[in-house]
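Now for the letters of each chain:
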Amino acid sequence: MPILTLLLPVLSGAIAGAMAGGLLAWWLGRRGRKARRLVDRLPAIDPEVLSDIDHAAKAWADAHGQPLAAAGLVADKLRLVYELTQRRGNS
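Bear in mind that the values here come from a model prediction, so they are computed numbers and not experimental data.

## Some remarks on the overall build of the protein chain
- Across its full length, the protein chain holds 3 helices and 0 strands.
- Put simply, the protein chain runs from its N terminus to its C terminus through helices and strands in the order α-α-α.
- Counting all 91 residues of the protein chain, 10% fall into the buried class.
- Carbon and sulfur atoms make up 67% of the accessible area of the protein chain, which totals about 7,500 Å².

Structure below.
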């Protein structure tokens, strides 16, 4: 009888923990899929806009005496800002 007194709470706790963990994993996985669908719905950046971004980054590097590698970093940041503004406008 003492074994049942210990076994029953341990077993029920393990089952409840597995159910809670499964529910949490399902909920977190669902949120990740929603975010991926949002990104997939964004249109591709227009090549003309990409060209303007690259040109602006190179102009910035020239004006500030930075190497062309810095222009690539600035261009990446400008693309990120452009995509975030597009995302904000679509949601």
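Now, onward.
## Structural notes on helix α2 (residues 47-63)
- Compared with an ideal rise of 1.5 Å per residue, which puts 17 residues at 24 Å, α2 spans 24 Å between its outermost C-alpha atoms and is within 8% of the ideal.
- Backbone geometry just after α2 places Gly65 at a positive phi near 65°.

## Observations concerning the pattern of salt bridges
- Counted according to the given criterion, the structure contains 2 salt bridges.
- Close ionic contact of Arg79 with Asp54 constitutes a salt bridge, the shortest N to O distance being 2.8 Å. In this pair, Arg79 sits in helix α3 (residues 68-90) while Asp54 sits in helix α2, placing the two residues 25 residues apart along the sequence.
- Residue class for Arg79 comes out partly exposed when judged on its relative accessible area of 22%.
- On the accessibility criterion, Asp54 (29% relative accessible area) is partly exposed.

## Quick look at the confidence of the model for the protein chain
- Averaged over all residues, the pLDDT of the protein chain equals 85, while 85% of them reach at least 70.
- Across the protein chain, the secondary-structure element scoring lowest on mean pLDDT is helix α1 (residues 2-41), at 81, and the one scoring highest is α2, at 94.

## Examining the nonpolar core
- In this structure, Ile53, Ala57, Ala61, Ala71, Val74 and Ala75 together form the largest nonpolar core, which totals 6 residues.
- Taken together, the elements giving at least two residues each to this core come down to α2 and α3.
- Non-local contacts of Ala61, meaning those with residues more than four positions away in its chain, are made with Gln66, Pro67 and Ala71.

## Remarks on a nonpolar patch on the surface
- Together, Leu23, Leu24, Trp26, Trp27 and Leu28 make up an exposed nonpolar region whose accessible area comes to about 550 Å².
- Along the chain, the position of Trp27 falls in helix α1.

Calculation criteria
- Residues numbered from 1 in each chain as written.
- Predicted model: local features only at pLDDT ≥ 70, side-chain atom pairs only at ≥ 80, totals over all residues.
- Heavy atoms only, no water.
- Helix = DSSP H or I, 4+ residues; strand = E, 2+ residues; numbered from the N terminus.
- Buried < 20%, exposed > 50% of the residue type's maximum accessible area, 1.4 Å probe, protein only.
- Areas by Shrake-Rupley, 256 points an atom, 1.4 Å probe, with all protein chains shown as cover.
- Expected span 1.5 Å × (residues − 1).
- Salt bridge = Lys/Arg side-chain N within 4 Å of Asp/Glu carboxyl O.
- pLDDT = per-residue confidence, 0-100.
- Core = buried A, V, L, I, M, F, W, Y, C linked by side-chain atoms within 4.5 Å.
- Contact = heavy atoms within 4.5 Å.
- Patch = residues over 30% accessible without salt bridge, like charges linked within 9 Å, V, L, I, M, F, W, Y side chains within 5 Å.

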